[in-house]
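Residue-level structure breakdown
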Amino acid sequence: MSWLTQTFTSSIGRKFLTALTGLFLIFFLVGHVTGNLLLFKPDEGRAFNEYTAFMTGNLGIMIVRYLLYAAIIAHVLITLMLAYHNRKARPVPYKAAKPSPHVTWSARNMGILGTLVLVFIVIHMSNFWYSLKWGMVPTINYQEGGDIKNLYAVVRDSFSSLPYTLFYVVMMVFLAFHLYHGFQSAFQTLGWRHKKYWPIIRNVSLWFSIIVPFVFALMPLYIYFFRNIN
Amino acid sequence: MNLNSRIPEGPLAEKWEKHKFNVKLVNPANKRKFDIIVVGTGLAGASAAASLAELGYNVKVFTFHDSPRRAHSIAAQGGINAAKNYQNDGDSVYRLFYDTVKGGDYRSREANVYRLAQVSVNIIDQCVAQGVPFAREYGGLLDNRSFGGAQVSRTFYAKGQTGQQLLLGAYSALSRQVATGKVKLYTRTEMLDLVLVDGQARGIITRNLITGKIERHAGHAVLLCTGGYGNVFYLSTNAMASNATAAWRAHRKGALFANPCFTQIHPTCIPVSGTYQSKLTLMSESLRNDGRVWVPKSLEDAARIRKGEIKPTDLPEEARDYYLERRYPSFGNLVPRDVASRNAKYVCDEGRGVGGTGLAVYLDFADAIRRDGRNTIEARYGNLFEMYEKITGDDPYTTPMMIYPAVHYTMGGLWVDYNLMTNIPGLYALGEANFSDHGANRLGASALMQGLADGYFVIPYTLGDYIASLPFQKVDASHPAFDEAEKGVKDTINKLMSIKGKRTVDDFHRELGNIMWEYCGMARNAEGLQKAIGLIQQLRADFWKDVNVGGNVDELNMSLEKANRVADFLELGELMCRDALHREESCGGHFRDEYQTPEGEALRNDEEFTYVAAWQYTGANAEPQLHKEPLQFDNVKLTQRSYK
Amino acid sequence: MNLTLNVWRQKGPHDKGGFVKYEMTDINHHMSFLEMMDVLNEQLVKKGEEPVHFDHDCREGICGSCAMHIDGRPHGPMQGTATCQLHMRVFKDGDTITVEPWRAKAFPVIKDLVVDRSAFDRIIQAGGYVSVNTGGVPDANEIPVPKKIADEAFNAATCISCGACVAACKNASAMLFVAAKVSQLALLPQGKVERKNRVEKMVAQMDAEGFGNCTNTQACSVECPKEISQDFIAMMNREYITAKFTSDNV
């Protein structure tokens, strides 16, 4: 086994990859949430659609996008492997097991949270990304750029449904918990822990995991309540 | 029998150097032809096994624990002495030697103790190189403290966990040799007999504690590093499984047992709280630097405190007896261990003891807290106070601590010569298992020093002297002597299993402990010792008729393990009483009521008893035979201790 | 007080095992948990039954032998306490207490509550040492070590190798144990010479033993009787990745 394979098949190496991909996904979330803020612009989605057109047309962004898909897949596959291995490490469970004090619920349930987030990503992608790429998205013409896809219409359509909107909101809660542990955990795994900076990382982790999913959750709610076509 | 101590000729300071030159060497290429058996993995065993493997010997090392790192050396708290004189306060090899001989009440060998003081400095270097995290000063150099009433600061320490850190150092050196294959490690394997071929130690018989399998191991030399026998008292600060079986079975095969009655009783332990008590916990001696020891003046107050009618804090100053300060105005609460222990016993015997059992005295920090503030006291003793509260449920900041003496260390052990070899050629004893360096009383922070000195710096030199005289051929474990020893072990086990009596092993052990504590404890007298001998003989007879072991032989059976050990304690206890009875003087940890000064202090009899009493086994129910090794003091003058 | 014990009994490594209930009466609240187990065992032996086997030795919280999963937590409900230092006063009259062995693939049960923790020894043998022979070392004060570093190394070195970290971890990971030794030696100048080799070998051995992976729940530090910090796990992660990318081992 070469040293590189050895490294990334070791327990710490796999965790290292989990942390790196996780952090990459966290960076992506920052971009994603910032771009999607355009949904709140009261221009019937023009800015949002133009942003979408830019994001789908740019080569550099395309590379990042494929990296993102790779990161998601890697993050999922590696953590599945870890979870499988972890399960094997304790073949006989405890009859009585109480959670240790100071251990967060998030930390103990990353597997379930991750699975839920994955389910969400699949539904989310199939709804917006799939239809954008392969599906029937109406086009719109804002004169300057010719016909572009009107993703905003799809978004507005989707979030006219109450169950669908609620589904998104609930999923964002799970994402929040997943992020709360994942954010700081990534730093711990990378060994970036220092007396001076660890409290900062913990705080940023907390606020990040609240703010980002909250803003995401506001989007379906905003559309449902204020831009509802029904 | 001629006891040749093999002490080298020449001036004290040159003996060891000369001896190292004079001992025979084994050619490096030939060392791999020799198999050395090391029993025990505490400080002495682990350091010896690692050092011998580094030299090239094939080492087999045995422990009854699941890991070498569990040996009871790990529990030593205070520190380790070394004559480094880093503090510039007048310490030297000679002073450490002098203090140790004096502390041992002139019942140890000058030459051995001097060597111990000499190699003490190497031990610290060795441990630091291994990565032992000793306490340090802000400048990055090693810190020292004064310990156990020493006039110089020569004790190196790692918080209250010095033994742990030193053992982990030795364990890591041992682990390194296990990885190289030079050491073969046998865990959960207990030595049950020594095998002699033509009078030489040639192997051991062991029991695999998991499978119950009786196994033979052959070697060119056997090193017993099996610790002390304090558990003969049932309650002691020793670990639950600490035992004398390896040493005792070697004794039965002919090894002499020296000074068995020299036991050290530590004054500051947490008192017994009930009959279920399984062991006693030591509280660091340093507590006596600030705590004041007292009991109520009157019997009535003591009785009311015991019943819980009044609290100790209710008792006014004038109703308290600070008995150590009263009797020993110049040393006060800092009198040596044996004096402090004995006085606690006296006041409790008078009926002035406190606690539920009446067997406890107060160690009060109220004055210290008033004087220095709670924060200062917390900084000094915080972890100890916390431990005390964990065990007793009492808060020592608000109510005085209760303490009582407990058996802590045994100075006696297998008789060894200057090379650490017993009178059986090829059988060595190291660390607490031998008798050699502490005389009648051990100084604080000297046990760790001795264990590591023996293992790292003495045996690697002295073992070669014997090995070099041997032919190269392998020792054959199919020799009839192995058959015989194995059969003996199996017979004993089968007998223990077949009794199926009514009393548990612990029951016998507890009763033996009570006898020993009562008659062979802090103060002894002829009448009591004679009585104890009778009681122990009776108890031993009962044991072999009425013990209930249970379980099976071919599996993990902790009752059987205990039964084997207690069977040996039942013989050893009697020998201790015999030794105590024959030694008609008081010295160090051995105090005879009949031999005391008018002030009640220990009265040595140097005319008649300046010797090592080495006992030879003559049969389970036969009187042992005494051999004397006279002690000669050419460098120190024998004086009487005084702490008034 | 009176208690009900629900104790795991298993005759041997290949036995299936199961829980057995024992009613304990008149338990003194000053007893330690192990003394209470002693009382149970005395009763069992007197009845001609086999006593409950459990590892224990020093009974002062330093040898690391005792290892019981009590009432759902390693070493029981008190933090910073090994089983032997746990006293009955923390329980209430009428409590039912479940007692189980450590559960991990790398710690197979030998009998009842006794498990095989030799995996820890093998991890140390893989590199948990400074390669110096006896003798020929420099004077102890020739290498100054800043007090802070020495104290930090000491904090890591207080590990008693009981395995509570593995028992507490939902993944049965041994990271805290390994990290404590790796960090102790990586911090000290004496251990720096071999730091890369050491961490690579020790982690490889840890993985080979079948322990799980760390998911940073930090339960290990919470249940550790010596309260060894998570900082050391981060330090080991750092040491490992650095070593893997910069050492000479290909």
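Small disclaimer: the values here were computed from a predicted structure and weren't measured. (Residues numbered from 1 in each chain as written. Chains lettered and ligands numbered in written order. Predicted model: local features only at pLDDT ≥ 70, side-chain atom pairs only at ≥ 80, totals over all residues. Heavy atoms only, no water.)

Of the regular secondary structure elements, chain A holds nine helices and two strands. For chain A, the N- to C-terminal ordering of α and β elements is α-α-α-α-α-α-β-β-α-α-α. Along the first, second and third principal axes, the C-alpha set of chain A runs to 60 × 40 × 40 Å. Restricting to contacts in chain A with at least 6 residues of sequence separation, those with at least 24 account for 72%. One finds the centroid of the 19 positive side-chain charges in chain A at a distance of 33 Å from the centroid of its 6 negative side-chain charges. (Helix = DSSP H or I, 4+ residues; strand = E, 2+ residues; numbered from the N terminus. Contact = heavy atoms within 4.5 Å. Lys, Arg positive; Asp, Glu negative; His and termini not counted. Charge placed at Lys NZ, Arg CZ, Asp CG, Glu CD.)

The subject of this paragraph is the interface of chain C and chain B. Across the contact, 72 residues belong to chain C and 77 residues belong to chain B. Each partner contributes to the roughly 6100 Å² buried at the junction of chain C and chain B, and carbon and sulfur atoms together form 52% of this total. When residues of chain C are sorted by the area they lose upon contact with chain B, Asp57(C), Thr134(C) and Phe154(C) head the list and together hold 11% of the total. In this assembly, chain C and chain B are joined by six salt bridges. (Buried area = accessible area lost by both parts, 1.4 Å probe. Salt bridge = Lys/Arg side-chain N within 4 Å of Asp/Glu carboxyl O.)

Residue and element names in this part refer to chain B. As summarised here, the arrangement of the four strands in space is 16-10-20-21, forming an open sheet in which the pairing is antiparallel. Among the strands making up the open sheet, the edge pair consists of strand 16 (413-414) and strand 21 (625-630). Across the sheet, helix 17 (residues 558-582) touches strand 10 (257-258), strand 20 (611-616) and strand 21, and the angle it forms with strand 20 is around 145 degrees. (Pairing = 2+ DSSP bridges. Axes fitted to C-alpha atoms, helices over the stretch in contact; angles between N-to-C directions.)

Moving on: the packing of helix 6 (residues 110-133) of chain A against helix 7 (residues 151-158) of chain A. Residues and elements named next belong to chain A. Where helix 6 contacts helix 7, the axes come no closer than 11 Å and their chain directions differ by 150 degrees. Taken together, the axes of helix 6 and helix 7 lie roughly antiparallel to each other. When you trace helix 6 past helix 7, the crossing you get is right-handed. In this structure, helix 6 uses Asn127, Phe128, Ser131 and Leu132 to contact helix 7, whose residues at the interface are Leu151, Val154, Val155 and Ser158. Its residues placed into classes, the contact of helix 6 with helix 7 shows five nonpolar, three polar and no charged. (Parallel < 35°, antiparallel > 145°, perpendicular 65-115°, else oblique. Left-handed = near helix turned anticlockwise from the far one by under 90°. Nonpolar A, V, L, I, M, F, W, Y, C, P; charged D, E, K, R; others polar.)

The protein chains that touch form two pairs of chains, and the pair with the most contacts between them is chains B and C. Separated without contact, chain A and chain B have their nearest C-alpha atoms at a distance of 20 Å.

This part takes up the UniProt feature "transmembrane region" (unreviewed entry) in chain A. The UniProt record annotates "transmembrane region" (unreviewed entry) at residues 16-39, 59-84, 105-130, 165-183 and 204-225 of chain A. As a span, residues 204-225 of chain A carries 100% helix and 0% strand, and end to end its C-alpha atoms are 31 Å apart. (UniProt positions renumbered as here; feature names shortened; annotations may be inferred.)

Let us now look at the pattern of salt bridges. Residue and element names in this part refer to chain B. A full pass over the atoms with the stated rule returns 72 salt bridges over all chains. The salt bridge involving Arg320 is made with Glu317; its shortest N-O contact spans 3.9 Å. Between Arg578 and Glu574 there is a salt bridge, with its nearest N and O atoms 2.9 Å apart. With Arg578 and Glu574 both in helix 17 and four residues apart, this pair spans about one turn of that helix. You can call Arg578 buried: its relative accessible area is 16%. Under the relative-accessibility criterion, Glu574 is labelled buried at 5%. (Buried < 20%, exposed > 50% of the residue type's maximum accessible area, 1.4 Å probe, protein only.)

Turning our attention to the UniProt feature "domain: FAD-dependent oxidoreductase 2 FAD-binding" (unreviewed entry) in chain B. When the UniProt feature table is mapped onto this chain numbering, "domain: FAD-dependent oxidoreductase 2 FAD-binding" (unreviewed entry) sits at residues 35-448 of chain B. For residues 35-448 of chain B, the end-to-end C-alpha separation is 27 Å, with 31% helix and 19% strand making up the annotated structure.

All names here are of chain B. Mapped onto the elements of the fold, Glu571 is located in helix 17. Along the backbone, Glu571 and Arg540 are 31 residues apart, and their C-alpha atoms lie at a distance of 7.7 Å. If we ignore the near neighbours within four places in the chain, the residues touching Glu571 are Trp248, Arg252, Arg540, Tyr617 and Ala620.

To continue, consider the environment of Ile515(B). Residue and element names in this part refer to chain B. On the secondary structure map, Ile515 appears in helix 15 (residues 505-519). The exposure class of Ile515 is buried, given its relative accessible area of 6%. Separated by 14 residues in sequence, Ile515 and Leu529 place their C-alpha atoms 9.5 Å apart. Among all residues touching Ile515, those that are not within four sequence positions of it are Cys520, Ala532, Leu535, Ile536 and Leu539.

Let's shift gears to the domain arrangement of chain B. Residues and elements named next belong to chain B. The assigned domain composition of chain B is domain 1 (12-262 + 411-467), domain 2 (267-408) and domain 3 (493-609). Computed over C-alpha atoms only, the centres of domain 1 and domain 2 are separated by 34 Å. When domain 1 packs against domain 2, close to 1400 Å² is buried across both sides, 54% of that on carbon and sulfur atoms. At the junction of domain 1 and domain 2, the tally comes to zero salt bridges. Viewed at the interface, domain 2 and domain 1 are joined by six residue pairs in polar contact (both at pLDDT 80 or more). (Domains from an automatic or database assignment. Polar contact = N/O pair within 3.5 Å; in protein donor to acceptor, adjacent residues only side chain to side chain.)

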